[in-house]
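Now for the letters of each chain:
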Amino acid sequence: EAQVTQNPRYLITVTGKKLTVTCSQNMNHEYMSWYRQDPGLGLRQIYYSMNVEVTDKGDVPEGYKVSRKEKRNFPLILESPSPNQTSLYFCASSSRGEKAFFGQGTRLTVV
Amino acid sequence: AQRVTQPEKLLSVFKGAPVELKCNYSYSGSPELFWYVQYSRQRLQLLLRHISRESIKGFTADLNKGETSFHLKKPFAQEEDSAMYYCALREAYSGAGSYQLTFGKGTKLSVIP
């Protein structure tokens, strides 16, 4: 089944403790991206990747890092999480001209 | 810069009533427009894209380039339509923009039984 898989689904952590949210897709899509979803603000793009080793900032990249060492994986890294990064995160992937597939979301709480 | 505007944060309608979720965009190039839906505690999924010109779950949307709008409509709302709806835009044909989706802030539709 074609899908985008994120892990974990839920995460509670403390300020400053590094964490990684994984994202994997099985559709051989070249494009992957991360969004955060906040009430009243909709979906805002954090980072995206056009292909392996090609990444770029989205609208709200501060405090986040990504890497794209393999085509199928696009982890989101928070080196030093802060409470304002408490949010619902979505990973997405697509090929040119095709619809975007979204992961099931990761709800992160930073205390 | 491209922008997608959904003027209503929340829209409440009675079951059986018509629904219209508004979406306006600004973009200098040739846009491709989408509607994504997010049911409670689920991932976003594609509802409609304008190039398909199809009806999904009774919803339709027509791209009006003159008014730069892509409103989502359904003649008779059902309780199961209650969800968050996002309008999105991307470049239609080539380059990096043909991947990048720009989302509106979303409209929460609540269908009252």
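Preceding block: the structure.
Residues numbered from 1 in each chain as written. Chains lettered and ligands numbered in written order. Predicted model: local features only at pLDDT ≥ 70, side-chain atom pairs only at ≥ 80, totals over all residues. Heavy atoms only, no water.

### A closer look at the interface of chain B and chain A
Each partner contributes residues to the interface: chain B has 20 residues there, and chain A has 25 residues. For chain B, the biggest contributors to the area lost against chain A are Arg-43, Tyr-99 and Gln-100 of chain B; these three give 35% of the whole. On inspection of chain B and its partner chain A, the count reaches zero salt bridges. Here chain B is connected to chain A by eight residue pairs in polar contact (both at pLDDT 80 or more). Only β5 (31-38), β6 (45-49) and β9 (83-91) of chain B provide two or more residues apiece to the side of chain B that touches chain A. Residues belonging to the side of chain B that touches chain A are distributed by class as follows: eight nonpolar, six polar and six charged. (Contact = heavy atoms within 4.5 Å. Buried area = accessible area lost by both parts, 1.4 Å probe. Salt bridge = Lys/Arg side-chain N within 4 Å of Asp/Glu carboxyl O. Polar contact = N/O pair within 3.5 Å; in protein donor to acceptor, adjacent residues only side chain to side chain. Helix = DSSP H or I, 4+ residues; strand = E, 2+ residues; numbered from the N terminus. Nonpolar A, V, L, I, M, F, W, Y, C, P; charged D, E, K, R; others polar.)

### Here's the deal with the nonpolar core
A general tendency of soluble globular proteins is for nonpolar side chains to be buried together. In terms of nonpolar packing, the biggest core is built from 24 residues, with Trp-35, Leu-47, Leu-72 and Tyr-85 of chain B touching the most fellow members. Mapped onto this core, the elements with two or more residues apiece are β2 (10-14), β3 (19-21), β5, β6, β9 and β11 (107-112) of chain B. Top element by residues in this core is β9 of chain B. It accounts for four residues. Apart from residues lying up to four places away in sequence, Leu-47 of chain B is in contact with Trp-35, Tyr-36, Val-37, Ile-56, Phe-59, Leu-72 and Tyr-85 of chain B. Grouped together as the second largest cluster of nonpolar side chains are 19 residues, Cys-23, Met-32, Ile-46 and Leu-108 of chain A included. (Core = buried A, V, L, I, M, F, W, Y, C linked by side-chain atoms within 4.5 Å. Buried < 20%, exposed > 50% of the residue type's maximum accessible area, 1.4 Å probe, protein only.)

### Description of the sheet that holds β3 of chain B
Backbone hydrogen bonds hold the strands of a sheet together, and the pairing may be parallel or antiparallel. Residues and elements named next belong to chain B. Read from one edge of the open sheet, three strands run β3-β8-β7, paired in antiparallel fashion. Strands with a single pairing partner mark the edges of an open sheet, and in this sheet they are β3 and β7 (60-61). Relative to strand β8 (residues 72-74), β3 runs antiparallel, the two being bridged by three bridges. From the neighbouring strand, Leu-21 faces β8, where its bridge partner is Leu-72. (Pairing = 2+ DSSP bridges.)

### Regarding the layout of surface pockets
Counted as a void, the largest pocket has a volume near 790 Å³. Secondary structure elements with two or more residues in the lining of the largest pocket: β4 (31-38), β9 (87-94) and β11 (106-110) of chain A together with β1 (3-5), β9 and β11 of chain B. Grouping the amino acids of the lining of the largest pocket by side-chain chemistry returns 10 nonpolar, 14 polar and eight charged. Volume-wise, the second largest pocket comes out at about 320 Å³. If you go around the second largest pocket, you meet 17 residues; those closest to its centre are Leu-43 and Asp-59 of chain A together with Gln-2, Thr-102 and Phe-103 of chain B. Listed by contribution, the elements that provide at least two residues to the lining of the second largest pocket are β5 (42-51) of chain A together with β1 and β10 (102-103) of chain B. Take the lining of the second largest pocket: its biggest share by element is three residues, from β5 of chain A. When the residues that make up the lining of the second largest pocket are grouped by side-chain class, the tally is six nonpolar, six polar and five charged. (1 Å grid on protein atoms, 1.4 Å probe; cavity = no way out; pocket = protein on both sides within 12 Å on 5 of 7 lines; lining within 4 Å. Points joined across faces, edges and corners; volume = space filled by probe spheres on them.)

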